[in-house]
Amino acid sequence: MKKVILLFSILLVFNANAQDNIPSIDLKTLDGKTYNIQAVTDKDNVVIVSLWATWCVPCIKELDAISDVYDEWQEETGVELIAISVDDSRTVNRVKALINGKGWDYQVLLDTNNDLKRALGASTVPLTIVIKDNKIVSRHSGYSPGSEDELYEKIKELSL
Amino acid sequence: MKKIILCVAILYSGLSFSQDGGYFFGGFESNSQWLLNDEGLNFIAPEDQFRANNYFRLDYNLGEFTAGVQYETYLPAALLGYAPIYDNNNGIGTYYLNFKHKALDITAGYFYEQFGNGLILRSWEDRQLGINNAIKGIRVICSPLDYLNLTGVYGKTRNGFNVSEGVTQGIDANLYISEALKMEKVELSIGASYVGRYQSSGTNDSIPSTVNAYGGRFNFVAGDFYGGIEAIIKDPDVIANEGQISSNKLYDGTAMQVDLGYARKGLGVNATFRRLENFAFYADRLAEGNIYNQELISYTPALTKQQDYMLTNIYVYNAQPRLIIESYDQRAGEVGAQIDLYYKIKKGTALGGKYGTKIAANFSYWAGLDAEYNIENRWYEAKFIGKGPKLFRDFSLELKKKLSKKWSAIATFQNVIVDKGIVYGGPLEEEGDIEASIAVLEGTYKFEGSKSVRFVLQHLWAEKDRKNWAAAVLEYNFNSRFALYVADNWNYGDTDIHYYSLGGSYSKGRTRLGVNYGRQRGGLICIGGVCRFVPENTGVTANLTVSF
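In this report, the structure presented in the accompanying data block is examined. For clarity, every value in this text was computed on a predicted model and none was experimentally measured. (Residues numbered from 1 in each chain as written. Chains lettered and ligands numbered in written order. Predicted model: local features only at pLDDT ≥ 70, side-chain atom pairs only at ≥ 80, totals over all residues. Heavy atoms only, no water.)

## Some remarks on the nonpolar core
- If you look at the biggest cluster of nonpolar residues, it comprises 56 residues, and the most contacted ones within it are A:Leu51, A:Trp52 and A:Ile84.
- When residues in this core are grouped by element, the largest group, six residues, is from helix α3 (residues 57-77) of chain A.
- Once you skip the residues sitting within four places of it in the chain, A:Trp52 turns out to touch A:Cys59, A:Leu63, A:Ala83, A:Ile84, A:Ser85, A:Val86, A:Asp87, A:Val95, A:Leu98, A:Ile99, A:Trp104 and A:Val125.
- Ranked by size, the runner-up nonpolar core spans 35 residues in total, among them B:Phe43, B:Phe392, B:Val473 and B:Tyr499. (Core = buried A, V, L, I, M, F, W, Y, C linked by side-chain atoms within 4.5 Å. Buried < 20%, exposed > 50% of the residue type's maximum accessible area, 1.4 Å probe, protein only. Helix = DSSP H or I, 4+ residues; strand = E, 2+ residues; numbered from the N terminus. Contact = heavy atoms within 4.5 Å.)

Following this line, the structure appears as structure tokens:
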């Protein structure tokens, strides 16, 4: 019981002090170039980072749903979505085929060793993070149909 | 109690310092179950009815330094089907200190690393599978030139709350040729890896104390085409089975993987060929083939499509990299290929309709190596491809379509053939194949706001094993945070058992909670091509994750 109390008190402390920094992690592009995530997300407009994988059904549903309206979103708010695949070496070769086959227009980066996934404390994907001025403003894990509309409300708010 | 107060005090003081530029991050994950007796399933709850795996991870970054620690508890026992080495244990599972400055990256403590495709070395964590083979030691990554990076590792592999007997060392080098030569039209890179394991062989001179593996690879991107090849050879070593050395004979091992792909907007094709011959590399020679996937050095997952539905996950493949020469079972490895196709039918065409149609197809075929065995002399000879026994064949086709602003649908068909020995363990080619066809229809209806309802209907046809199944899922999303579901898998062809379950999840910001009650179908649970066996059980499970 003591341990449980300890854990929860620690949790509360850290929840109150939750970090909004983007960890300094190197990611690869599809042609093998290395970029630090902090450099990629450093933009004037709102940036969405979506952690996904080729084997993750809700991830693909979310990115498909956003893809249908991405043109509109970009026109109206200048938002940019960076889709970071956490696929390991088993499935990472599928990433390029899948994003093309789906016709997605996102910038795609690879977190093959799951360094970013660990640093963000993401035990499951999808994890969707909204970034403004290179600080994490909000995060949401999981996807249900229609949650892209809530996400867009948030983006519009931040883009004002 | 004093210790607890001290810990909390240190953490608080750490936090107040954190204002000076450093920051904390990490997460907490708790997966627990309460097992219940179930006569209908013939399941008797074990003595430890309540089981929980908890992970508490805390990292701190200050400028160029990052440090972290992960505390884990498996009290009073680990979840059903996890490696018993974790049962009733708790403690610091991993810790590290990392320094990163420009082209230099040094880690001391536990680290996760992967060379190439991971065939020669991969250390990673998967909590659903109960795998954490982080290496405890030192890792140095440096990039002396923009187009060259080098990684060196040295350490022992984590095994429960201890480390392996064997010591692993490795070097990996990657050279980006096109960057070095300033080529613009194509991307070319080559890589080379070395991994060695040292483990004392005691008084037995015929067993090598050091076993080395060497690998090379080449990757390219040229226009819409891309691909790569990787090949590994492993020095002769003894083979072990169930913790015993089979004989004093030594056998070398090889692995080879070739990938080829083509991708342009609207179309993507990706094909993979892989051949493994006696390619099981563990941080302890006696750990070979352990069913809990502990102390792995090499990463040889099943290269098949990861299926998404309940009934498409009954007959799955598990990679067969090992050499076994026993009177009751002979195998030398596997060879096979898979191909994926993704295609989008454009909006506004006859088949595409208003929103377009997305197609995904996958085919895979895996066979045991075509080999001759001399059991008496423990000798074998394998062909490169040959006509080895079919272990697994899978074809699946998925059509995904948004029908209107409110409706979207997915239809999936799969036909699979699998050797019974793969599904239930035990010798291969003895009990024959199981063939199954599965059809799945999924529909989603979006209401105003972010309310939605999703249903899935599934049917599996099979003439052998447990014959026909039917399944259904109904899920209601109240909003993007709260969802409830009810599901049933019914094996009406043979046992007449209903594997029902119901549950819900709540997710907000950094916290997610899921609770389920029901029956778990026994069998292989596979994540990322690595499988763990779970016995049938009934109970309540809860999963809580918090990240910060």
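## A word on helix α6 (residues 147-159) of chain A
- With 13 residues, α6(A) should reach 18 Å at 1.5 Å per residue; the first-to-last C-alpha distance of 19 Å fits that figure.
- Taken together, the buried positions of α6(A) are occupied by A:Ser147, A:Glu148, A:Leu151, A:Tyr152, A:Ile155 and A:Leu158. Looking straight down α6(A), one finds that the buried residues subtend no more than 145 degrees of arc, so they occupy a single side.
- Taken together, the buried residues of α6(A) touch β3 (47-52), α3, β6 (127-132) and β7 (135-141) of chain A together with β28 (433-446) of chain B. (Expected span 1.5 Å × (residues − 1). Arc of directions from axis to C-beta.)

## Remarks on the packing of α3(A) against α6(A)
Residue and element names in this part refer to chain A.
- Contact geometry for α3 and α6: axes closest at 12 Å, N-to-C directions at 15 degrees. In terms of orientation, α3 lies roughly parallel with respect to α6. As α3 packs across α6, the resulting crossing turns out to be right-handed. Contacts between α3 and α6 pair Ala65, Ile66, Glu72, Trp73, Glu76 and Thr77 from the former with Glu148, Leu151, Tyr152, Ile155, Lys156 and Ser159 from the latter. (Axes fitted to C-alpha atoms, helices over the stretch in contact; angles between N-to-C directions. Parallel < 35°, antiparallel > 145°, perpendicular 65-115°, else oblique. Left-handed = near helix turned anticlockwise from the far one by under 90°.)

## Some points on the pattern of salt bridges
- All told, the structure shown has 35 salt bridges over all chains when counted by the stated rule.
- One salt bridge connects B:Glu187 with A:Lys33, and the closest N-O pair in it is separated by 3.1 Å. Residue B:Glu187 is found in strand β13 (residues 186-198), and its partner A:Lys33 is found in the loop between β1 (26-28) and β2 (34-36); the two belong to separate chains.
- By relative accessible area, which is 18% here, B:Glu187 ends up buried.
- Classification of A:Lys33 by relative accessible area gives partly exposed; the value is 28%.
- Between B:Glu113 and B:Arg139 there is a salt bridge whose closest N-O contact spans 2.8 Å. Of the two residues, B:Glu113 is situated in the loop between β5 (104-111) and β6 (114-115) and B:Arg139 in strand β10 (residues 135-145); the sequence distance between them amounts to 26 residues. Accessibility classification places B:Glu113 together with B:Arg139 in one group, the buried group.
- Bridged by salt links that share partners, the residues A:Lys61, B:Glu442, B:Arg454 and B:Glu475 form one connected network. (Salt bridge = Lys/Arg side-chain N within 4 Å of Asp/Glu carboxyl O.)

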